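Given next are the chains, with one letter for each unit.
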Amino acid sequence: MTGALLIVGATGDVGQGIVRAAQTQGRKVVAAARSAEKLDRLFGPAQAGIWTCAGDVASEEGARTLWNAATALAGPVGSVVISVNAPNRTAPLPQWSGEDMRALLDANLLTHFNAAKVMLPLLPPHGMLIGIGGGAADFVFPGMVPVSIAQAGLRML
């Protein structure tokens, strides 16, 4: 693979693992997350092969800004991993409001949509974008029907 690997959601448990694995394999990594402080705490300012970039994919504009920052730091981006998932609450479906569901979809599905819409056309011909998520689409844990709905949408994306 050529170009840097942009990992969005790099400070989460899964994202951290992807950053470390890519670094171990000698990949150029741009670790991106919303919190510059957390990025610095986890990856430090001078780790070999890792650049950090604060930003988010809550909007198309944010995704575009993040892409531009990543390419300014590490050069061309050849692959993107989106590992963005918001914390989920557990409650029976009747206790969820439409606003609760909208917020869940914004945080867990719209973020991936924004990243894919903006970043896919910017990748090189053999580039790759991987969205991590969708595991709860196949089964429903008690009190997590809305999460399974969001995960099913993510899997379809």
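Since the model is a prediction, treat every value here as computed from it, not as a measurement.

Caption draft 1: Examining the overall build of the chain more closely. A tally of helices and strands in the chain yields five helices and five strands. For 157 residues, the compact-globule estimate of 2.2 N^0.38 gives 15 Å, and the chain sits close to it at 16 Å. Within the chain, residue pairs in contact and separated by at least 24 positions form 57% of the contacts whose partners lie at least 6 positions apart. If you sum the accessible surface of the chain, you get close to 8200 Å²; carbon and sulfur atoms cover 60% of it. One way to put it: in the chain the 11 positive side-chain charges average out to a point 6 Å from where the 10 negative ones average out.

Caption draft 2: Structural context of the sheet that holds strand 4 (residues 77-82). As summarised here, the arrangement of the five strands in space is 3-2-1-4-5, forming an open sheet in which the pairing is parallel. Bordering the open sheet on either side are strand 3 (50-54) and strand 5 (128-131), each of which pairs with just one other strand. The mean angle between the axes of side-by-side strands here comes to 15°, regardless of whether they run parallel or antiparallel. Relative to strand 4, strand 1 (residues 4-8) is paired through five bridges, and the arrangement is parallel. Looking at strand 4, one finds that I7 is bridged to V81. The sheet contacts of helix 4 (residues 98-119) involve strand 1, strand 4 and strand 5, and relative to strand 5 the element is tilted by about 175°.

Caption draft 3: Main features of helix 5 (residues 145-156). Here helix 5 contains 12 residues, and its C-alpha end-to-end distance of 17 Å stays within 8% of the 16 Å for a straight helix at 1.5 Å per residue. Of all the positions in helix 5, only P146, V147, S148, A150, Q151 and L154 are classed as buried.

Caption draft 4: Region of interest: the packing of helix 4 against helix 5. Relative orientation of the contacting elements helix 4 and helix 5 amounts to 25°, with a least axis distance of 9 Å. When the interaxial angle is binned, helix 4 and helix 5 end up roughly parallel. The hand of the helix 4/helix 5 crossing is right-handed. The residues of helix 5 that touch helix 4, namely those facing M101, L104, L105, N108, L109 and H112, are P146, V147, I149, A150, G153 and L154. In terms of residue class, the contact of helix 4 with helix 5 is made up of nine nonpolar, three polar and no charged.

Caption draft 5: Quick peek at the packing of aromatic side chains. Tallying each qualifying case throughout the model produces zero aromatic pairs. Above the ring of W96, the side-chain terminus of R89 is found at 4.4 Å from the ring centroid.

Caption draft 6: Main features of the environment of A63. As for its position among the elements, A63 is in helix 3 (residues 60-74). Apart from the residues within four sequence positions on either side, A63 is in contact with D56, V57, N114, A115, V118 and M119.

Caption draft 7: Quick peek at the pattern of salt bridges. The final tally for this structure, using the stated rule, is five salt bridges. A salt bridge links R64 to E60, with the shortest nitrogen-to-oxygen separation between them at 3.8 Å. With R64 and E60 both in helix 3 and four residues apart, this pair spans about one turn of that helix. Residue classification places R64 among the partly exposed residues on the basis of a relative accessible area of 39%. On the basis of relative accessibility, which here comes to 27%, the residue E60 falls in the partly exposed class. The closest approach of N and O atoms between D138 and R155, which form a salt bridge, is 2.6 Å. Of this pair, D138 sits in the loop between strand 5 and helix 5 while R155 sits in helix 5, and the two are 17 residues apart along the sequence. Among the charged side chains, a salt-bridge network with shared partners connects E60, R64 and K117.

Quick notes on the rules
Residues numbered from 1 in each chain as written. Predicted model: local features only at pLDDT ≥ 70, side-chain atom pairs only at ≥ 80, totals over all residues. Heavy atoms only, no water. Helix = DSSP H or I, 4+ residues; strand = E, 2+ residues; numbered from the N terminus. Rg over C-alpha atoms; globule rule 2.2 N^0.38 Å. Contact = heavy atoms within 4.5 Å. Areas by Shrake-Rupley, 256 points an atom, 1.4 Å probe, with all protein chains shown as cover. Lys, Arg positive; Asp, Glu negative; His and termini not counted. Charge placed at Lys NZ, Arg CZ, Asp CG, Glu CD. Pairing = 2+ DSSP bridges. Axes fitted to C-alpha atoms, helices over the stretch in contact; angles between N-to-C directions. Expected span 1.5 Å × (residues − 1). Buried < 20%, exposed > 50% of the residue type's maximum accessible area, 1.4 Å probe, protein only. Parallel < 35°, antiparallel > 145°, perpendicular 65-115°, else oblique. Left-handed = near helix turned anticlockwise from the far one by under 90°. Nonpolar A, V, L, I, M, F, W, Y, C, P; charged D, E, K, R; others polar. Phe/Tyr/Trp six-rings, centres within 6.5 Å; stacked < 30°, edge-to-face > 60°. Lys NZ or Arg CZ within 6 Å of the ring centre and 35° of its normal. Salt bridge = Lys/Arg side-chain N within 4 Å of Asp/Glu carboxyl O.

The values are spatial; any link to function lies outside them.
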